[in-house]
Amino acid sequence: MSVHLLVDFGSTYTKLTAVDTEKEVIVGTSRAMTTVRTDVLEGFDMALEKLQKAHPDMGEITTISACSSAAGGLKMAAIGLVEELTAEAAKRACLGAGALVNHVFSHHLSKKEIKTLKQADVDIILLAGGTDGGNKECILHNAKKLAEAKLGIPIIVAGNKDAADEIDELFEKSEEEYYIVDNVMPKLKKLNVAPAKDVIRRIFITKIIEGKGIKKAEEKIGEIIMPTPEAVLQAAELLSKGHEEVEGYGDMMVIDIGGATTDVHTIGEGSPKRTEVILKGLQEPFAKRTVEGDLGVRYSANALLSLVKPYEFKKYYENGDEEATDEDIEEAMQRRHDNVDYLPENDQEKAFDKALARICCDYSMSRHVGTVEVVYTPLGNMYYQTGKDLTEIQYVVGTGGVLINNADAKQILKEVLHKSHKKLELRPKDSEFLIDELYILSAMGLLGQKHPRLALKLLKRHLK
Amino acid sequence: MHTVVIGVIGADVHAVGIRIIEHVLRKHGFNVVNIGVLSSQEDFINAAIETNAKAILVSSLYGHGEMDCKYMKENCEEAGLSHVKLYVGGNIVVGKQDFKDVEQRFKKMGFDRVYPPGTDIEEAVEHIKEDLNTA
């Protein structure tokens, strides 16, 4: 027997999934609190002990792979020229690599913005600007400002190639850690995020892990190969595309509702479905991820109040649940914010949690999907489409604590579907829902690096 | 090699002519960024910023060009593109009007060159080369 152990160092829990690669089954899963403050291995050992106790005949662990989102995950800043073009392309590269992007700057960096960068908690900066052969004045200016600022943060340069040599000299002199890769937008509206993503992952593996106190784990368990959100995205891509002769599920979506953020991943072109629709804006990545830092059911719960007024909140209750609740909404949100381990105890609190999850679904979907806009032309109505058309998505997979532990998870997920009062949003119309009951998506993303066929098989078996 | 941005402005969907313009400009050695039909002023301007274009060629065939081009020069200046030459051509106004009048109005709006219906694109190419000093 040979067991491949998959580890996910999360911000709250360290989660283990043991896969028997010969019998092709998931032996078991376990979790323990993440312990980055003392020694991250304490939590890992605790979880492993639990796993071995529950499955004494588990067999020998031959391989371990790990991903991490501990200590706040990977935080990046994206810089570009035009907000809707290179700045957006840079942001998408960061998101696709599994990062959280709290700072996006466009045009010339000002003193104030440099100061913001200095004070911000940023792990990597991605600097873009200009198409190849296009504007190089702006990226040169920004590179110079960054070199002068001596931030001590790794900088990835992925802008106009004509500026690369000058930037190379600039950073060489300033002794900043930097990497020059292919442009994220080599031609107008053409997206090229893979080279930047590769470097992000490389820096993450070699440097970031250390700062987050997870490096220690490497001695025992080997390399931490990627940020957790990227592992989820890879699992989704595998399940969508299939592997060799094994067919995948086609275009699909993963929605991960967490305590602090809601992540949405879609795999698919999302191109217009009708001839009178004209695509606008920057090209969309085939595997697209968006992260909503203000949508979450615990840490971000009180941020939801700035989006949803108390009277609107009631709309998100299931029919009948509305009467069951007389909770003070603000107080209930604050309680969840202050206590991220909070578990609902009675029906009323459960109903409240479900309503929060519905809000996260609804709002994250509005921000993720593309939209259409009618243009009245002398030749009749035409439509602009910005973003992805996801109306024909076949499967929506739900993951994250609040969905996994909920008997009504599929009910909650219905919130992502087409809505009559949001007609212009290109939401899924008629999808099947699957729930990641065992919480194995990130683990399967990791397993898929070495055993794609097995990971695909297990995903198909366990997503229900 | 100079970069020029071309496109069809406003709610206009005439897709063929702009392809011909793209083809001819390429043949003359320009780096052409064709942003296509249904393009807003903002689309032209953003494209010109990122690609460091030296000229913007606005095409309009459906008669509402005058409305669509209003304040384009001002918006270019606002976006730091005062140096970018502006060209416009096609059926750019409503109905049949005296072209001298039309040309004057568009020049007042800040366009460097204005072309009446039926202009040969080669003619404009010579102007662009002259204006950008590539003749």
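Described in the following lines is the structure provided in the data block. These numbers were taken from a predicted model, which means no experiment stands behind them.

1. Some words on helix H1 (residues 40-54) of chain A
All names here are of chain A.
And then number 1: Look at H1: 22 Å from first C-alpha to last across 15 residues, which is about the 21 Å you get at 1.5 Å a residue.
And then number 2: Buried residues of H1: Val40, Gly43, Phe44, Ala47, Leu48 and Leu51, and no others. Each buried residue of H1 lies within a common arc of 130 degrees when the element is viewed along its axis, so the set occupies one face. Turned more than 90 degrees from where H1 packs its buried face, Glu49 and Lys53 sit exposed.
And then number 3: Check the buried side of H1 and you find it contacts strand S1 (2-9), strand S2 (13-20), strand S3 (25-33) and helix H7 (215-221).

2. Considerations on the interface of chain A and chain B
And then number 1: Each partner contributes residues to the interface: chain A has 19 residues there, and chain B has 15 residues.
And then number 2: For the side of chain A that touches chain B, the elements supplying multiple residues, two or more each, are helix H2 (83-96), strand S17 (371-377) and strand S18 (380-386) of chain A.
And then number 3: Looking at the side of chain A that touches chain B residue by residue, the class counts come to 11 nonpolar, 7 polar and 1 charged.

3. Considerations on unusual backbone geometry
And then number 1: For Lys150 of chain A, which is not glycine, the phi dihedral falls at a positive 45 degrees.
And then number 2: If you trace the backbone, Lys150 of chain A turns up in the loop between helix H4 (137-149) and strand S8 (155-157).
And then number 3: Assessed through the 11 C-beta atoms surrounding it within 10 Å, Lys150 of chain A is described here as exposed.
And then number 4: Positive phi, normally seen in glycine, also occurs at Asn52 of chain B, with a value near 55 degrees.
And then number 5: Locating Asn52 of chain B in the fold gives a position in the loop between helix H2 (41-51) and strand S3 (55-60).

4. Thoughts on the sheet that holds strand S15 (residues 277-280) of chain A
All names here are of chain A.
And then number 1: Taken in spatial order, the 3 strands make up an open sheet running S15-S18-S17, and their pairing is mixed. Single-partner strands in this sheet number two, and they are S15 and S17. Across the sheet, the mean angle from the axis of one strand to that of its neighbour is 30 degrees, orientation sign disregarded.
And then number 2: The pairing of S15 with S18 spans 4 bridges and is classified as parallel. Bridged to Leu279 within S18 is Gln385.

5. Some words on the nonpolar core
All names here are of chain A.
And then number 1: Counting residues in each nonpolar core, the largest one holds 180 residues, and the members touching the most others are Ile79, Ala90, Leu126, Leu127 and Ile156.
And then number 2: Looking at which element gives the most residues to this core, the answer is helix H12 (residues 347-368), with 9 residues.
And then number 3: The residues touching Ile79, leaving out its near neighbours within four places in the chain, are Ala87, Ala90, Phe105, Leu109, Ile125, Leu126, Leu127, Ala128 and Asn142.

6. Examining the environment of Thr62 of chain A
All names here are of chain A.
And then number 1: Tracing the backbone shows Thr62 in strand S4 (residues 60-68).
And then number 2: Taking the C-beta count within 10 Å as the criterion, Thr62 has 11 such neighbours and is therefore assigned exposed.
And then number 3: As a C-alpha pair, Thr62 and Val3 span 59 residues in sequence and 5.7 Å in three-dimensional space.

7. Considering the sheet that holds S3 of chain A
Residues and elements named next belong to chain A.
And then number 1: Pairing within the open sheet is mixed, and its 5 strands lie in the order S3-S2-S1-S4-S10. This sheet does not close on itself; its edge strands, each paired only once, are S3 and strand S10 (224-227). On average, adjacent strands in this sheet sit at an angle of 20 degrees to one another, irrespective of strand direction.
And then number 2: Relative to S4, S1 runs parallel, the two being bridged by 8 bridges. Each bridged residue has a counterpart across the sheet, and for Ser2 the counterpart in S4 is Glu60.
And then number 3: Those strands touched by H1 are S1, S2 and S3, and its axis lies near 140 degrees from that of S3.

8. Some thoughts on the packing of helix H15 (residues 441-450) of chain A against helix H16 (residues 452-462) of chain A
Residues and elements named next belong to chain A.
And then number 1: The interhelical angle for the contact between H15 and H16, taken along N-to-C directions, is 150 degrees, at an axis separation of 6 Å. Between H15 and H16, the crossing angle belongs to the class labelled roughly antiparallel. Taken together, the residues of H16 that come into contact with H15 (itself represented by Met444, Leu447 and Gly448) are Pro452, Leu454, Ala455, Leu458 and Leu459.
And then number 2: When the residues that make up the contact of H15 with H16 are grouped by side-chain class, the tally is 7 nonpolar, 1 polar and no charged.

9. Describing H2 of chain A
Residue and element names in this part refer to chain A.
And then number 1: Over its 14 residues, H2 extends 18 Å from the first C-alpha to the last, a length consistent with the 20 Å expected when each residue adds 1.5 Å.
And then number 2: The axis of H2 is deflected most strongly, by about 25 degrees, at Ala89.
And then number 3: Leu85, Thr86, Ala87, Glu88, Ala89, Ala90, Lys91, Arg92, Ala93, Cys94, Leu95 and Gly96 are the residues of H2 that are buried.
And then number 4: After H2 finishes, the residue Gly98 shows a positive phi value of roughly 90 degrees.

10. A closer look at the pairing of S4 of chain A
And then number 1: Two strands pair when backbone bridges link them, and S4 of chain A and S10 of chain A are joined in this way by 3 bridges, in the parallel orientation. Paired with Cys67 of chain A across the strands is Met226 of chain A, a residue of S10 of chain A.

11. A few points about the environment of Leu446 of chain A
Residue and element names in this part refer to chain A.
And then number 1: Take Leu446: it is sitting in helix H15.
And then number 2: Considering only alpha carbons, one finds Leu446 and Ile435, 11 residues apart in sequence, at a separation of 19 Å.
And then number 3: Contacts of Leu446, omitting those with residues within four sequence positions, involve Leu6, Ser65, Cys67, Ile225 and Ala231.

12. So, the packing of H4 of chain A against helix H5 (residues 164-174) of chain A
All names here are of chain A.
And then number 1: At their nearest, the axes of H4 and H5 sit 10 Å apart, and the two run at 5 degrees to each other. Classified by the interaxial angle, the pair formed by H4 and H5 is roughly parallel. Packed against H4, whose contacting residues are Leu140, Ala143, Lys144 and Ala147, the element H5 presents Glu166, Ile167, Leu170, Phe171 and Ser174 at the interface.
And then number 2: Looking at side-chain class alone, the contact of H4 with H5 contains 6 nonpolar, 1 polar and 2 charged residues.

Analysis parameters
Residues numbered from 1 in each chain as written. Chains lettered and ligands numbered in written order. Predicted model: local features only at pLDDT ≥ 70, side-chain atom pairs only at ≥ 80, totals over all residues. Helix = DSSP H or I, 4+ residues; strand = E, 2+ residues; numbered from the N terminus. Expected span 1.5 Å × (residues − 1). Buried ≥ 20, exposed ≤ 12 C-beta atoms within 10 Å, placed from the backbone. Arc of directions from axis to C-beta. Contact = placed C-beta atoms within 7 Å. Nonpolar A, V, L, I, M, F, W, Y, C, P; charged D, E, K, R; others polar. Pairing = 2+ DSSP bridges. Axes fitted to C-alpha atoms, helices over the stretch in contact; angles between N-to-C directions. Core = buried A, V, L, I, M, F, W, Y, C linked by C-beta atoms within 7 Å. Parallel < 35°, antiparallel > 145°, perpendicular 65-115°, else oblique. Bend = angle between axes of the 7 residues up to and from the residue.

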